[in-house]
Amino acid sequence: GWRLKELQYILRIAQHRLLLDRDIDGAIAALETTDNRLSEINQTDLLPLRKLIAQQLQKLASYPAPDYVGLQFKLDQLIIAFQNTYRREAHKASGKNTIIEETNTTVTEGNETADRSFLEETMDRAKTMLNQNVKLRQHTQTPLPFSAEQELTFSFQFIQEKLVTAKFAVSSRNDALFKQQLESAIDWLTKEPQLGSNPKLLEAIKKLSGISLEPNLPDISAPYKLLEKLSVDSGNPIKEEATADREAL
């Protein structure tokens, strides 16, 4: 009876690790521990329980758990790739700057004389000459390339922020945030001709966005339910609070 109670506790731990923490390895370890204890007891009436445990272990072994560390590495590589793309495009944009020609007017002053009236007269003639020869010309100015560079920088910062936030979502197992950030990046790159010029980078982000950080968890409660039944039949019922814990899960 005490051994069965111990196994009931271990199976409860397995469900807690799986449902509350999504800890696949912890659930597998708890099930394997239970199976090892059952092999030590070596009773034929517990063979159905061991069979159920083997089935749950197979479920967990085939569970499509994402490679969270690998996802973060891939996002790091994408960030570096976009940094390289940005530098290349920014270099192209800076090489197309229009040279602005400025015309400098040099005013040559005559020699100063002691006669102040002569100096004032000379200044008046210079002003008149400038007014007659200087003309204000208005041209339709092409937008400076700096605005395009500024827009490119903003786009790069936006994409980088989305990828960094997606990396944080992987570490926190936040699937909704992960998909939201990557979809925003995809939408922006679709409209950005320069940063989105590399189809491989865009395709890599689309592939990552199709990964679910929280796939549906398998149900591994069958061994616990059977062990509960066996415990009741053997005259060692599980405590009410333990049953309440299982139902809450």
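Up top you'll find the structure we're talking about.
The rules behind these values
- Residues numbered from 1 in each chain as written.
- Predicted model: local features only at pLDDT ≥ 70, side-chain atom pairs only at ≥ 80, totals over all residues.
- Heavy atoms only, no water.
- Helix = DSSP H or I, 4+ residues; strand = E, 2+ residues; numbered from the N terminus.
- Expected span 1.5 Å × (residues − 1).
- Buried < 20%, exposed > 50% of the residue type's maximum accessible area, 1.4 Å probe, protein only.
- Arc of directions from axis to C-beta.
- Polar contact = N/O pair within 3.5 Å; in protein donor to acceptor, adjacent residues only side chain to side chain.
- Axes fitted to C-alpha atoms, helices over the stretch in contact; angles between N-to-C directions.
- Parallel < 35°, antiparallel > 145°, perpendicular 65-115°, else oblique.
- Left-handed = near helix turned anticlockwise from the far one by under 90°.
- Contact = heavy atoms within 4.5 Å.
- Nonpolar A, V, L, I, M, F, W, Y, C, P; charged D, E, K, R; others polar.

To continue, consider helix H1 (residues 2-21). For H1, spanning 20 residues, the distance from its first C-alpha to its last is 28 Å, which sits close to the expected 28 Å at 1.5 Å a residue. Regarding H1, the residues found buried are Leu4, Leu7, Gln8, Ile10, Leu11, Ala14, Gln15 and Leu18. One side of H1 holds all its buried residues, which, seen down the axis, span an arc of 165°. Opposite its buried face, H1 presents the exposed residues Trp2, Tyr9 and Leu20, each directed more than 90 degrees away. Positioned one or two residues after H1, arginine 22 has a phi angle of 50°, which is positive.

Attention shifts here to the side chain of serine 221. Looking at where serine 221 falls in the secondary structure, it is placed in the loop between helix H8 (199-209) and helix H9 (222-233). Among the residues examined, serine 221 registers a relative accessible area of 7% and is labelled buried. A distance of 2.7 Å separates a polar atom in the side chain of serine 221 from a polar atom in the side chain of aspartate 219.

Running from N to C, H1 and helix H2 (residues 24-41) cross one another at 165°; their axes reach a closest spacing of 7 Å. If you check the angle between H1 and H2, you find them roughly antiparallel. The two elements H1 and H2 cross, and the hand of that crossing is left-handed. Of the residues in H2, those in contact with Arg3, Glu6, Leu7, Ile10, Leu11, Ala14, Arg17 and Leu18 of H1 are Ile24, Gly26, Ala27, Ala30, Leu31, Thr33, Thr34, Arg37, Leu38, Glu40 and Ile41. For the contact of H1 with H2, a count of residues per class yields 11 nonpolar, three polar and five charged.

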